[in-house]
Amino acid sequence: MKNLKVAVLMLMCILPLAPDAHTVRGINHEVIRTTDDSRPTSNTDSDTRTIQGAPAKKYPEITFEKTTVDFGLFSQDQTLHTCVFKFTNTGKAKLVINYVGTSCGCTVADYPKDYISPGGTGEIRVTYDSKGKIPGKFRKVIQIYTNCKDDLTRLYIIGEMSDVAEADLKKK
């Protein structure tokens, strides 16, 4: 009985050390696990390390001229407001914008679907529809998902809608 307890205890200590079917030892003995889509992922945070002399991975980088647009004060009679966020790929690889999401159905974004080469430029056109919205200040978030190392970038549109008619607002 005592031997059985010792054997079970030893087994419990050894099993966590055994690699599972999805674990492989890489260079420098770091543990590399494969995800469900069979791409290896490393438990190290170094994306710039080289593997057997291979060059470090190059990433695109999206740089915006501005990240916030202020529509200012406008009348509730003016329902559509559009702005453009211009950007440059300042990285060393082709930029892909995978998806652009908005925080509300009243905001729609149009973005390039093609690759942007390093040094290339592009723009994201954002339209805000204030029809049916309550007058007051607002702030909407536009989330840009890319293939950059930091894959999420946030842009903002802000403004204030007045319940005063457009003609009366211009008099002020």
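Described in the following lines is the structure provided in the data block. (Residues numbered from 1 in each chain as written. Predicted model: local features only at pLDDT ≥ 70, side-chain atom pairs only at ≥ 80, totals over all residues. Heavy atoms only, no water.)

## Here's the deal with the pattern of salt bridges
Under the criterion given, the structure shown has two salt bridges. Between Asp110 and Lys113 there is a salt bridge; the shortest N-O distance is 3.9 Å. Classification of Lys113 by relative accessible area gives exposed; the value is 57%. Glu123 is the salt-bridge partner of Arg125, the closest N and O atoms lying 3.4 Å from each other. (Salt bridge = Lys/Arg side-chain N within 4 Å of Asp/Glu carboxyl O. Buried < 20%, exposed > 50% of the residue type's maximum accessible area, 1.4 Å probe, protein only.)

## Some remarks on the nonpolar core
Membership of the largest hydrophobic core comes to 26 residues, with the highest contact counts inside it found for Ile124 and Ile157. If you list the elements that add at least two residues to this core, you get β4 (62-64), β5 (68-75), β6 (80-89), β7 (97-102), β9 (121-129), β10 (136-146) and β11 (152-162). Among residues more than four places away in sequence, those in contact with Ile124 are Phe64, Cys83, Val84, Phe85, Phe87, Ile97, Ala109, Asp110, Tyr111, Pro112 and Ile144. (Core = buried A, V, L, I, M, F, W, Y, C linked by side-chain atoms within 4.5 Å. Helix = DSSP H or I, 4+ residues; strand = E, 2+ residues; numbered from the N terminus. Contact = heavy atoms within 4.5 Å.)

## Here's the deal with the environment of Thr153
Take Thr153: it is sitting in strand β11. Owing to a relative accessible area of 17%, Thr153 belongs among the buried residues under this scheme. Remark: the alpha-carbon pair of Thr153 and Ile62, spanning 91 residues in sequence, is separated by 8.4 Å. Residue contacts for Thr153: discarding those within four places in its chain leaves Ile62, Phe64, Ile142, Gln143 and Ile144.

## Considering the sheet that holds β10
In space, the four strands of this open sheet follow the order β5-β11-β10-β7, with mixed pairing throughout. Every interior strand has two partners, whereas the edge strands, β5 and β7, have only one. Averaged over all neighbouring strand pairs, the angle between strand axes comes to 15°, with direction disregarded. Where β7 and β10 come together, five bridges link them in antiparallel fashion. In the sheet register, Ile97 faces β10, and the bridge partner there is Thr146. (Pairing = 2+ DSSP bridges. Axes fitted to C-alpha atoms, helices over the stretch in contact; angles between N-to-C directions.)

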